[in-house]
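Chain by chain, the residues run as shown.
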Amino acid sequence: DLVEGLPLDRLLLRGRLPLDRAVKIACGAARGVEALHALGIVHRDIKSQNLIVAPEDRAVVIDLGLAVDPSRDERLTRTGGV
């Protein structure tokens, strides 16, 4: 889907965000990552360029190009693995 807004990194170039706005965006991003995890998906590339701040400061996690389902992807290093 097309998401109208700005990547967080570009928004931050405009200056420091007020605390309440930053918290709203961060909480929205966390809810997005939580929703992916609930589906068994690990994003693996969370960064400011991959968070769009949509109207009303709604955070949208984008770019799932590196995302994986760890239960199905044998390329990931397991705990205790070398």
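These figures come from a predicted structure and were not determined experimentally.

Peer 1: Would you mind going over the overall build of the protein chain with me for this structure?
Peer 2: Assigned secondary structure in the protein chain consists of 2 helices and 3 strands. Buried residues in the protein chain amount to 26% of all 82 residues. For the protein chain, the proportion of contacts with a sequence separation of at least 24, taken over those separated by at least 6, is 56%.

Peer 1: Got a minute to help me understand unusual backbone geometry in this structure?
Peer 2: A negative phi angle characterises most non-glycine residues, just as the trans form characterises most peptide bonds. In this model, glutamate 56 sits at a positive phi of 65 degrees, which is unusual for a non-glycine residue. Its location among the elements puts glutamate 56 in the loop between strand E2 (51–54) and strand E3 (58–61). Of note in this structure, aspartate 57 is not a glycine but carries a positive phi near 60 degrees. Tracing the chain through its elements places aspartate 57 in the loop between E2 and E3. For aspartate 57, a relative accessible area of 16% puts it in the buried group.

Peer 1: When you look at the sheet that holds E2 in this model, what are you seeing that I'm missing?
Peer 2: For sheets, the rule is that strands pair by backbone hydrogen bonds, running either parallel or antiparallel. Reading across the sheet, the 3 strands line up as E1-E2-E3 and stay open at both edges, with antiparallel pairing between neighbours. In this open sheet, the two strands that pair with only one neighbour each are strand E1 (6–7) and E3. Pairing analysis gives 4 bridges linking E2 to E3, with the strands arranged antiparallel. Its bridge partner lying in E3, leucine 51 is registered against valine 61. Sheet strands touched by helix H2 (residues 19–38): E2 and E3. Its angle to E3, the strand with the most contacts, is close to 35 degrees.

Peer 1: Explain the nonpolar core here, please?
Peer 2: Across soluble globular proteins, you tend to see nonpolar side chains buried next to one another. Among the nonpolar cores identified, the biggest contains 11 residues, and these are Leu6, Leu8, Leu11, Leu17, Ile25, Ala29, Leu36, Leu51, Val53, Ala59 and Val61. Counting only elements with at least two residues in this core, the list comes to helix H1 (8–12), H2, E2 and E3. Element by element, the count of residues in this core is highest for H2, at 3 residues. Excluding anything up to four places from it in sequence, alanine 29 contacts Leu51, Ala59 and Val61.

Peer 1: Just to check I follow, could you spell out the pairing of E2 for this structure?
Peer 2: Note on strand geometry: in a regular strand, side chains alternate between the two faces of the sheet. Alternating residues of E2 divide into Leu51 and Val53 and Ile52 and Ala54, and every residue in both groups is buried. Pairing geometry for E1 and E2, over 2 bridges, is antiparallel. Bridged to proline 7 within E2 is isoleucine 52.

Peer 1: In this structure, what is going on with the pattern of salt bridges? I would like to understand it.
Peer 2: For side chains bearing opposite charge, pairing can occur when the charged atoms are close. Counted by the stated rule, this structure contains 1 salt bridge. Here arginine 21 and aspartate 57 are joined by a salt bridge, their closest N and O atoms 2.9 Å apart. Of this pair, arginine 21 sits in helix H2 while aspartate 57 sits in the loop between E2 and E3, placing them 36 residues apart in sequence. On the basis of relative accessible area, arginine 21 is assigned to the partly exposed category, the value being 28%.

About the thresholds
- Residues numbered from 1 in each chain as written.
- Predicted model: local features only at pLDDT ≥ 70, side-chain atom pairs only at ≥ 80, totals over all residues.
- Heavy atoms only, no water.
- Helix = DSSP H or I, 4+ residues; strand = E, 2+ residues; numbered from the N terminus.
- Buried < 20%, exposed > 50% of the residue type's maximum accessible area, 1.4 Å probe, protein only.
- Contact = heavy atoms within 4.5 Å.
- Pairing = 2+ DSSP bridges.
- Axes fitted to C-alpha atoms, helices over the stretch in contact; angles between N-to-C directions.
- Core = buried A, V, L, I, M, F, W, Y, C linked by side-chain atoms within 4.5 Å.
- Salt bridge = Lys/Arg side-chain N within 4 Å of Asp/Glu carboxyl O.

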